[in-house]
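Residue-level structure breakdown
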Amino acid sequence: MATQIDPEFSCSLTIDLPLPTARLASAALQALRVDKELSPLVSRSFSTISAPSSHDSGDSSPMGSSQEKILRTEYKATTNRMLRVAVNGFMESLSVVLGVMDELDVDILGVEDPKE
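Residues numbered from 1 in each chain as written. Predicted model: local features only at pLDDT ≥ 70, side-chain atom pairs only at ≥ 80, totals over all residues. Heavy atoms only, no water.

Topic: the overall build of the chain
Regarding its fold elements, the chain presents four helices and three strands. The order of helices and strands in the chain, counted from the N terminus, is β-α-β-α-β-α-α. Within the chain, the fraction of its 116 residues that count as buried is 24%. Accessible surface computed for the chain: about 8400 Å², of which carbon and sulfur atoms make up 55%. (Helix = DSSP H or I, 4+ residues; strand = E, 2+ residues; numbered from the N terminus. Buried < 20%, exposed > 50% of the residue type's maximum accessible area, 1.4 Å probe, protein only. Areas by Shrake-Rupley, 256 points an atom, 1.4 Å probe, with all protein chains shown as cover.)

Structure representation (structure tokens):
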């Protein structure tokens, strides 16, 4: 799939963050999209996507393949510096959202690695 380069926003970055459940991916998307980009020199979009299906294994899980568990964030900016500044701010916000999920969300507790 070829990506078209926007002449106005020549610098771009796509961040895919896999989360344990589609509900958590959707919750993160809703929490992060509230804050608009402060600069008109930066454009950001959020979406949730399904994990690419692996054709290597014989067993496929129809339920797991259709769930959108990946939070995709696409940034476009006029300069690399503006892109870096915007992504740094996003990472701080993402850290807060993931920290709240870790501390307060019931689904996260069941996904943690077993200690035994």
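So much for the structure itself; the text now carries on.
Topic: the packing of aromatic side chains
Per the stated rule, a full pass over the model turns up two aromatic pairs. A ring pair is formed by Phe46 and Phe90, whose centres lie 6.0 Å apart and whose planes are at 40°; its orientation type is tilted. Of this pair, Phe46 sits in strand E2 (residues 42–49) while Phe90 sits in helix H3 (residues 80–104), and the two are 44 residues apart along the sequence. Plain terms: the ring middles of Tyr75 and Phe90 are 5.8 Å apart, the flat faces sit at 65° to each other, and that makes the pair edge-to-face. (Phe/Tyr/Trp six-rings, centres within 6.5 Å; stacked < 30°, edge-to-face > 60°.)

Let's talk about the side chain of Thr48
Structurally, Thr48 can be placed in strand E2. Within the structure, the side chain of Thr48 is placed 2.9 Å from the side chain of Glu68, a separation counted as a polar contact. (Polar contact = N/O pair within 3.5 Å; in protein donor to acceptor, adjacent residues only side chain to side chain.)

Focus: the environment of Ala22
Looking at the element boundaries, Ala22 is found in helix H1 (residues 22–32). Dropping the residues within four chain positions of it, Ala22 is found in contact with Gln67, Glu68 and Lys69. (Contact = heavy atoms within 4.5 Å.)

Let's talk about H3
Taking 1.5 Å per residue, 25 residues should reach 36 Å; H3 reaches 36 Å between its end C-alpha atoms and fits that length. Here H3 has its buried residues at Met82, Leu83, Ala86, Val87, Phe90, Leu94, Val97 and Met101. (Expected span 1.5 Å × (residues − 1).)

Overview of the side chain of Ser39
Here Ser39 is to be found in the loop between H1 and E2. Of the polar contacts made by the side chain of Ser39, one reaches the backbone nitrogen of Leu41; its length is 3.0 Å.

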